[in-house]
Amino acid sequence: MVDALVETKLLQPRPRREAVQRPRLAALLRHATDLPVTVVSAPAGFGKTTLLASWLSTTEVPTAWVSLDARDRAAASFWPYVLTALDRAVLGSGAAAALALFGSGQAAIETVLAGVVNELSVHDGDLVLVLDDYHFADGPEVTEGMTFLVEHLPPQLHLVVSTRADPGLPLPRLRARGELVEVRATDLRFDGDEVAAYLNDLNGLGLPAEAVAALETRTEGWVAALQLAVLSLRDRSDAAGFIDRFAGDDRFVVDYLVDEVLDRQPDSVRRFLLDTSVLERLTGTLCDALLDDAASNSPGAGRAMLDLLDRQNLFVVPLDDHRRWYRYHHLFGHVLRAHLLQERPGDVPELHRRASSWYAANGDVEEAVRHALTAGDLGAAADLVERAVPDLRRLRRESVIRRWVDDLPDDVLVDRPALAMGLVGGLMASNDFAGVEDRLRAVEATVTRPGSELVVVDQAEFDRIPAAIEMYRAALALVGGDPETAVARAARAIDAAPADDDLTPPAAAGISGLASWTMGDVVAAHASYVTAAAGLASAGYVADVLGCSLTIADMELTLGRLGDAEATLRGALELAERNSPVGGVLRGTADMLVALSRIAWHRDDMAAAADLVRRADDLGEAAGLPQNPYRWRVAMARVRAAERDWTGALELVDDAVRVYVGDFSPPVHPLHATRARLLAAAGDLDAAAAWAREHGLSAEDDLSYLREYEHLTFARILLAQHRTGGDENALRDARALLDRLFEAAEAGSRTGTVLEVEVLRALARHASGDDTDAALESLDHAVELAEPQGWVRFLLDSGPGVGELLVMLAGRRPHAAFVRDLIARRVDEPAARSTGSRPAVGPQPIPTTPAASEPPGRLLDPLSDRELDVLRLLASDLDGPSIARELVVSLNTVRTHTKHVYSKLGVNSRRAAVSRAHQLGLLGRGSRAGRS
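Note that the structure is a prediction, hence the values are computed from the model and not measured.

Visitor: Quick question: what am I supposed to make of the packing of helix 30 (residues 542–558) against helix 32 (residues 589–602) here?
Guide: Across the interface, helix 30 lies against helix 32 with an axial gap of 9 Å and an inter-helix angle of 15°. Taken together, the axis directions place helix 30 and helix 32 in an arrangement best described as roughly parallel. Crossing hand, helix 30 versus helix 32: left-handed. Contacts between helix 30 and helix 32 involve Leu-546, Leu-550, Asp-554 and Leu-557 from the first element and Thr-589, Asp-591, Met-592, Ala-595, Arg-598, Ile-599 and His-602 from the second. In the contact of helix 30 with helix 32, the residues fall into 6 nonpolar, 2 polar and 3 charged.

Printed below as a string of structure tokens:
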């Protein structure tokens, strides 16, 4: 006997009159009438029923709809609804007879369903059977018959299952056969455009784009959370403040998740959810470690529970394709943690201790320390940090060590001198010198106490404390402007180092080298730094070797050894690639590419220079050392300047100043002087002269190596002032200054500087009008230095007049192919020179990814149609949200396209992008310039 049916459970819901249009989901569901089975599986509140009602309103296929509830877990309730729905949808389906047979209780469910299947197999049209909220019915009594139905579905019948948990049906088999449509939580989440449409178009909230993006991030596109946010936002004057605070403690979110999810779970699942809510990421064995004996009496319980939560869509988000790691939906995680603190606050520290132990045993020291600190176990955290410092130091992860300086209170360090010294290292590597000397004195006092009073976890680190103190004081002397003391203390550090200390000797040698560099003895500095790099390489400090290689290459450029500088950087790049983690990039790799772009620039291989800089940018921020952001901008500014894009180059240098992070290297190429060179080259001599006055430069200054680059820049400005205004005093001062710079550079064996000075001296002598032989003598000397190594840019960038001198020099050296090539490059031509327009001069071509040479007005990496649309609107007065509305895309999409446009144009601001686009002819009517 079949009980009376609730008629409303058989009514197909009407689509909402006002709903967000979701064409991407409609496209997925178009296949639902082509394939046998469709599963719409997602947690509560993701809009499953709304989606199906909207989709069915657009199709003319007859539909049998059943809204299920908890009573339908019994076959006696489930099947009458299904059969009745089929009978009402299609006359002659055989469902009425099947219902009578089922009600008699005399036949197995397979027999009952066979009649329906047979009748529908000869039916003329298609039929859709929708089982909404199937998770209520999914159990042993129903699964047997449903499996039979799925395996024998006639071509005309299409089953659509809406559920909060994956049903116990043969989905893998259907998936393998290509007979399954799947719509999951990731598909149902609102994207940025849909969130904006829901909040502003449907609900009229008028929120700015930033607020919409914030809600999208906090809700992760969960429809129910957005609905709850709308309820909370109504009649609020401080919408922005509410959105900033909107989280799992919002009363509507709490009520919904507790009623709909948490309180519906069995005790074991509820306990698991609360206990593991202290974790940011979840995996099986980690969860096992947190569960007590009563909850986990067998290995693998955590993995099994995660699999269950995943199948039941209980707000877990898989973090990898193998579903080994998960996290909770952010709002759900907030609710779980709030309930854990409310119900069992005393358990929270122990749960964090267990998590810390698991992470420590599995090699994730950062998470281990975080959980230990959260548990309030400062002793355990201190032990972990002391053990971790050497490896983190080796990997150049000083930012992690620096963060622990703030996390660990000073009273923890009182008895832990090795830990205290490890944190000093993090401060020094982060250029945070304030208070370091006080810390060193404290450590000196601590190590005089009896050993029984001290806590030493890493004996080797403890043993190197005396040498490390001298080394850090040498570094402090260096940054304090006392290079002589730095050299002396570095020597004492090397003498004090224990035999098994593989860090202090090379590090101290590096400090000594930097001190020599600061004093202008580049030859001695280079020797010390080569020794330091070799020692660090032997000790496995690969990231530090990369940093050393940058400095060594800088010195080799100063010494005129362009080929050696390239070889140094190539070797370092190969070292980085050999030691990169699987699927990752070693920190410092990007710096090598940026430095190699400078070599290519010196050789006038602009295609290679631009390509290397862009490759470095593609690797991402994590692939660079702390100084890479500003170095990258300077490198791209060189490329822009070579194209005579002075505005773009100056903006890049200004941005480099903004992101500048120094290190222990002397500032031999200060950014303010680089900017002044660009101003002079661009013809803004008033601004360039103002720079010289601001920095107190004059032709009579005492010369020092640290200011050599500034004085060379000043000489360029003086020559430009004479060239444009006939200032004879400027020419006289330039000649006198250049003669003294030449003598100083030659005395210091700084051949790279000699080369640049000689080109400028040639211009100054030629400008005098009566010293042509001396001018050609200087230029001939510069060419002799430049040709073997392939130096070109010093000759191209020295200003008008060099071309005439080169022609005269070629007459004296008729077989000089190098000079003829320089002439062919039209040194004095003011027109823009595109990247890659001529081959590089010199040996050892830079290894780059293949890139075709582009004529003027072309980009190496052309803009797409959509990127050109964004660029066109960037040139208008529209702001970001307005551009998004104009293009009918989300603000995030506009930001992504803008980032690509900036990267391809080699700029970092809207104004620079528009300027560069005008230069390339990208903004003309119907323009398609810049495309391949």
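Visitor: What is the right way to look at the pairing of strand 2 (residues 63–67) in this model?
Guide: The two faces of a sheet get side chains in turn, since along a regular strand they alternate between them. Burial within strand 2 is extensive, with 4 of its 5 residues counted as buried. With 5 bridges connecting them, strand 2 and strand 3 (residues 127–132) associate as parallel partners. Bridging from a neighbouring strand, Val-66 pairs with Leu-131 of strand 3.

Visitor: How do you make sense of the sheet that holds strand 2 when you look at a structure like this?
Guide: Judged by pairing direction, the sheet is parallel, and its 5 strands sit side by side in the order 2-3-4-1-5 without closing on themselves. The strands lining the two open edges of the sheet, one partner per strand, are strand 2 and strand 5 (180–184). Going across the sheet, the axis of each strand differs from the next one's by a mean of 10°, ignoring polarity. As defined by bridge partners, strand 3 adjoins strand 4 (residues 157–163) across 5 bridges and the pair is classed as parallel. For Leu-129, the partnering residue across the bridge sits in strand 4 and is Leu-159. This element, helix 3 (residues 75–89), spans strand 2, strand 3 and strand 4 of the sheet and lies at about 155° to strand 2. Strand contacts of helix 6 (residues 140–151): strand 1 (37–41), strand 3 and strand 4, with the helix running at about 140° to strand 4, the strand carrying the most contacts.

Visitor: Help me understand the packing of aromatic side chains in this model?
Guide: Here a ring pair, both rings aromatic, is described through the centre-centre distance and the interplanar angle of the planes. Taken as a whole and judged by the stated rule, the model has 8 aromatic pairs. Ring geometry for Phe-190 versus Tyr-198: centroids 6.1 Å apart, planes at 80°, classification edge-to-face. Taken individually, Phe-190 and Tyr-198 each receive the classification buried, so the pair is uniform in this respect. Relative to Tyr-660, the ring of Tyr-630 lies with its centre 4.6 Å away and its plane at 55°, an arrangement referred to as tilted. Here Tyr-630 is found in helix 34 (residues 628–642), whereas its partner Tyr-660 is found in the loop between helix 35 (646–658) and helix 36 (671–682), with 30 residues between them in sequence. Overall, Tyr-630 belongs to the buried group, its relative accessible area being 16%. Each member of the aromatic cluster is reached from another via a ring pair, and the members are Phe-78, Trp-79 and Tyr-134. One Lys or Arg, Arg-638, reaches over the ring of Trp-601 and ends 5.8 Å from the middle of that ring. The positively charged end of Arg-761 is found above the aromatic ring belonging to Phe-742, 4.3 Å away from the centroid.

Visitor: Sorry if this is basic, but what is going on with the environment of Arg-16 here?
Guide: Mapped onto the fold, Arg-16 is located in the segment before helix 1 (23–29). A relative accessible area of 51% means that Arg-16 is categorised as exposed. Separated by 37 residues in sequence, Arg-16 and Ala-53 place their C-alpha atoms 8.3 Å apart. Setting aside its immediate chain neighbours within four residues, Arg-16 contacts Thr-50 and Gln-227.

Visitor: What should I look at first to understand the environment of Gly-588 in this one?
Guide: Here Gly-588 lies in the loop between helix 31 (562–578) and helix 32. Sequence separation between Gly-588 and Val-542 is 46 residues, and the spatial gap between their C-alpha atoms is 9.2 Å. Those residues in contact with Gly-588, other than ones at most four positions away along the chain, are Leu-546, Ala-623, Gly-624 and Leu-625.

Visitor: Quick question: what am I supposed to make of the domain arrangement of the protein chain here?
Guide: Interface size is commonly expressed as the accessible surface area that is lost when the partners come together. Domain boundaries in the protein chain define domain 1 (2–188), domain 2 (192–263), domain 3 (267–373), domain 4 (396–572), domain 5 (699–833) and domain 6 (856–931). Here the C-alpha centre of domain 4 lies 40 Å away from the C-alpha centre of domain 3. Facing the 4 residues of domain 3 at the interface are 6 residues of domain 4. For domain 3, the biggest contributors to the area lost against domain 4 are Glu-366, Val-369 and Leu-373; these three give 92% of the whole. Taken together, domain 3 and domain 4 are joined by 2 salt bridges.

Visitor: Explain the side chain of Arg-270 to me, please; I cannot follow it from the model alone.
Guide: Counting through the fold element by element, Arg-270 comes out in helix 14 (residues 267–276). Setting aside anything within four residues of it in sequence, one finds Arg-270 in contact with Leu-262, Asp-263, Gln-265, His-339 and Glu-343.

Visitor: Would you explain the packing of helix 34 against helix 35 in this entry?
Guide: When two helices pack together, their arrangement is given by the angle between the helix axes and by the axis-to-axis distance. At a minimum axis separation of 8 Å, helix 34 and helix 35 run at an interaxial angle of 170°. For the element pair helix 34 / helix 35, the angle class is roughly antiparallel. Between helix 34 and helix 35, the residues in contact are Tyr-630, Trp-632, Arg-633, Val-634, Met-636, Ala-637, Arg-640 and Ala-641 and Trp-646, Gly-648, Ala-649, Leu-652, Val-653, Asp-655, Ala-656 and Arg-658, respectively.

Scoring rules and cut-offs
Residues numbered from 1 in each chain as written. Predicted model: local features only at pLDDT ≥ 70, side-chain atom pairs only at ≥ 80, totals over all residues. Heavy atoms only, no water. Axes fitted to C-alpha atoms, helices over the stretch in contact; angles between N-to-C directions. Helix = DSSP H or I, 4+ residues; strand = E, 2+ residues; numbered from the N terminus. Parallel < 35°, antiparallel > 145°, perpendicular 65-115°, else oblique. Left-handed = near helix turned anticlockwise from the far one by under 90°. Contact = heavy atoms within 4.5 Å. Nonpolar A, V, L, I, M, F, W, Y, C, P; charged D, E, K, R; others polar. Buried < 20%, exposed > 50% of the residue type's maximum accessible area, 1.4 Å probe, protein only. Pairing = 2+ DSSP bridges. Phe/Tyr/Trp six-rings, centres within 6.5 Å; stacked < 30°, edge-to-face > 60°. Lys NZ or Arg CZ within 6 Å of the ring centre and 35° of its normal. Domains from an automatic or database assignment. Buried area = accessible area lost by both parts, 1.4 Å probe. Salt bridge = Lys/Arg side-chain N within 4 Å of Asp/Glu carboxyl O.

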